[in-house]
Amino acid sequence: MGLIDGLKKALSTATEQITSSSPKPQGIYFTANFQHKAKQWGLSEKDALDVYYHGIEDKPERKTRKYDGYELSIYFFKDHVTGQAIITSIWKRERR
């Protein structure tokens, strides 16, 4: 069983090296500008995450989610190296 165990370990190591070299999203980052705007509007990171995961992308790098009586929008982009989502701004407006 030494040869089979050795092959399994080599295959496992090779797979780990191949997959770890691919950029993976590292969560979501919120900029200082986002923090400032969120405080102005009385919003939180939780609100932005809800828009990010459940909103619709109505323009490139902008998502909006409609709620009863208002809507929230965010600007975001993905880092081209890490693939991490970065949310740069958030705002609230009355629904039209």
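Below, the structure is looked at part by part.

Some words on the overall build of the protein chain
On a plain count of helices and strands, the protein chain comes out with three helices and five strands. For the protein chain, the sequential pattern of α-helices and β-strands runs α-β-α-α-β-β-β-β. By the burial criterion, 27% of the 96 residues in the protein chain qualify as buried. Partitioning the intrachain contacts of the protein chain with sequence separation of at least 6 by distance along the chain shows that 43% fall at a separation of at least 24. Accessible surface computed for the protein chain: about 7100 Å², of which carbon and sulfur atoms make up 55%.

Here's the deal with the side chain of S73
Its place among the elements puts S73 in strand β4 (residues 70–78). By relative accessible area, S73 is classed as buried at 4%. A distance of 2.9 Å separates polar atoms of two side chains, one belonging to S73 and the other to T64. Filtering out sequence-adjacent residues up to four positions away, S73 remains in contact with K63, T64, S89, I90 and W91.

Concerning the packing of aromatic side chains
In this structure the tally under the stated criterion is five aromatic pairs. Pairing Y52 with Y53 gives two aromatic rings, centres 5.2 Å apart and planes at 80°, and the pair type is edge-to-face. Y53 sits in the exposed class, given a relative accessible area of 56%. For the ring pair Y52 and F76, a centre distance of 5.5 Å and an interplane angle of 85° mean the geometry is edge-to-face. Pair noted here: Y52 is in helix α3 (residues 45–54) and F76 is in strand β4, with a separation of 24 residues, a long-range link. A relative accessible area of 9% means that Y52 is categorised as buried. The ring of Y52 carries K63 above its face, with NZ or CZ at 4.7 Å from the centroid. One residue, K92, lies across the ring of Y70, its end atom 4.5 Å from the ring centre.

Conventions adopted
- Within each chain, residue numbers correspond to sequence positions counted from 1 in written order.
- Confidence filtering applies because this is a predicted model: local features only for residues at pLDDT of at least 70, side-chain atom pairs given and counted only at 80 or more, and all residues used for totals across whole chains, interfaces and linings.
- Calculation of side-chain values draws on the structure's entire complement of heavy atoms; hydrogens and water are dropped beforehand.
- The helix and strand labels rest on DSSP assignments: H or I over at least four residues marks a helix, E over at least two residues marks a strand, and numbering proceeds from the N terminus.
- Whether a residue is buried, partly exposed or exposed follows from its accessible area with a 1.4 Å probe, protein chains only, as a fraction of its type maximum: under 20%, in between, or over 50%, in that order.
- By definition in these notes, contact holds between two residues if any of their heavy atoms fall within 4.5 Å.
- In this description, accessible areas are obtained by the Shrake-Rupley approach with a 1.4 Å probe, and a residue is regarded as covered only by the protein chains that are shown.
- Polar contact is the term for a pair of N or O atoms within 3.5 Å; when the atoms are in protein, one must be able to donate a hydrogen and the other to accept it, and sequence-neighboring residues count only if both atoms are side-chain atoms.
- Any Phe, Tyr or Trp ring, taking Trp's six-membered ring, that has another such ring centre within 6.5 Å forms a pair; planes under 30 degrees apart are called stacked, those over 60 apart edge-to-face, and the others tilted.
- Two thresholds decide whether a charge sits over a ring: the Lys NZ or Arg CZ must be within 6 Å of the ring centre and within 35 degrees of the ring normal.

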